[in-house]
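Chain residues, written in single-letter form:
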Amino acid sequence: MAKTSRYEAQIREASRLVAAALDIENWGTAWQSRSGPPSQPWLEPDIGDMLRETESREVVIVPIGFLSDHMEVLYDLDQEARHICEDRGIRMVRAATAGAHPRFISMIRELIVERIQEHIDRPALGILGVNPDVCPADCCPAPRRAAS
């Protein structure tokens, strides 16, 4: 699924932008909450594997692909990842999700205004640029299944 969309590139670019804004040089992107059946490969590295292999004694985990603290975030990060960190003696801090933060809500409003007003500048950070308003027909094609 991720190979047929810009999802992975968008998450990696958002992570890079956050690290750059905070002047953090030692950072990485890990994945949680695999999608699809267990037989289908998912993005790597998995957050648990990354935590088991890190030499760091402190980590800050940012659920950048999630808007709210729903069950995937609460379980995968606040339970499973925290348990791995505690077992390894790693101090873990988990950043909050955007939720209903006023700056996030303001951004959503700005995106709506951009799309209802003609000829308005559409600012974008990073190297990926602005997504189209309407996905082209070949956007995010379903992954091909192996013949059985």
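Refer to the structure presented above.
Keep in mind the model is a prediction, meaning the values are calculated, not measured.

### Some thoughts on the layout of surface pockets
In this model, the largest pocket occupies a volume close to 1,800 Å³. Taken together, 36 residues form the lining of the largest pocket, with Ala14, Ile64, Phe104, Met107 and Leu125 sitting closest to its centre. Counting only elements with at least two residues in the lining of the largest pocket, the list comes to α1 (7–21) and α4 (102–116). The dominant element in the lining of the largest pocket, judged by the number of residues it contributes, is α4, at 8 residues. Partitioned by chemical class, the residues of the lining of the largest pocket number 23 nonpolar, 6 polar and 7 charged.

### So, the environment of Val18
Tracing the backbone shows Val18 in helix α1. The class of Val18 is partly exposed, set by a relative accessible area of 36%. As for Val18 and Ile64, which are separated by 46 residues in sequence, their C-alpha atoms are 9.3 Å apart.

### Concerning the pairing of strand β1 (residues 58–61)
Burial along β1 is one-sided: Val59 and Ile61 are buried, and none of Glu58 and Val60, which face the opposite way, are. Here β1 runs beside strand β2 (residues 91–94); their pairing, made up of 4 bridges, is parallel. Across the sheet, residue Glu58 finds its bridge partner in β2, namely Arg91. Once the chain exits β1 it traverses helix α3 (residues 71–88) before rejoining the sheet at β2, and the crossover so formed is right-handed.

Conventions and cut-offs
- In this convention, every chain numbers its residues from 1, walking through the sequence in written order.
- In keeping with the predicted nature of the model, local features appear solely for residues at pLDDT of at least 70, side-chain atom pairs appear and are counted solely at 80 or more, and the whole-chain, interface and lining totals rest on all residues.
- To get the side-chain values, take all heavy atoms of the structure and skip hydrogens and water.
- In this analysis a 1.4 Å probe is tested at points of a 1 Å grid over the protein atoms alone, and where it fits but cannot get out there is a cavity; an open set with protein on both sides within 12 Å along at least five of seven lines is a pocket; lining residues have an atom within 4 Å of a point.
- Grid points are joined across faces, edges and corners, and a volume is the space filled by probe spheres set on the points.
- Helix and strand labels come from DSSP, where a helix needs a run of H or I of at least four residues and a strand needs a run of E of at least two; each type is numbered from the N terminus.
- In this classification, Asp, Glu, Lys and Arg are treated as charged, Ala, Val, Leu, Ile, Met, Phe, Trp, Tyr, Cys and Pro as nonpolar, and every other residue, Gly included, as polar.
- Each residue gets one of three labels from its accessible area relative to the maximum for its type: buried under 20%, exposed over 50%, partly exposed in between, using a 1.4 Å probe on protein chains only.
- Two strands pair under a simple rule: DSSP has to find at least two bridges between them.
- A right-handed crossover is one whose linking path, passing over the helix from the first strand to the second, runs clockwise when the strands point away from the viewer.

So far we have only geometry, and geometry alone does not tell us how the molecule works.
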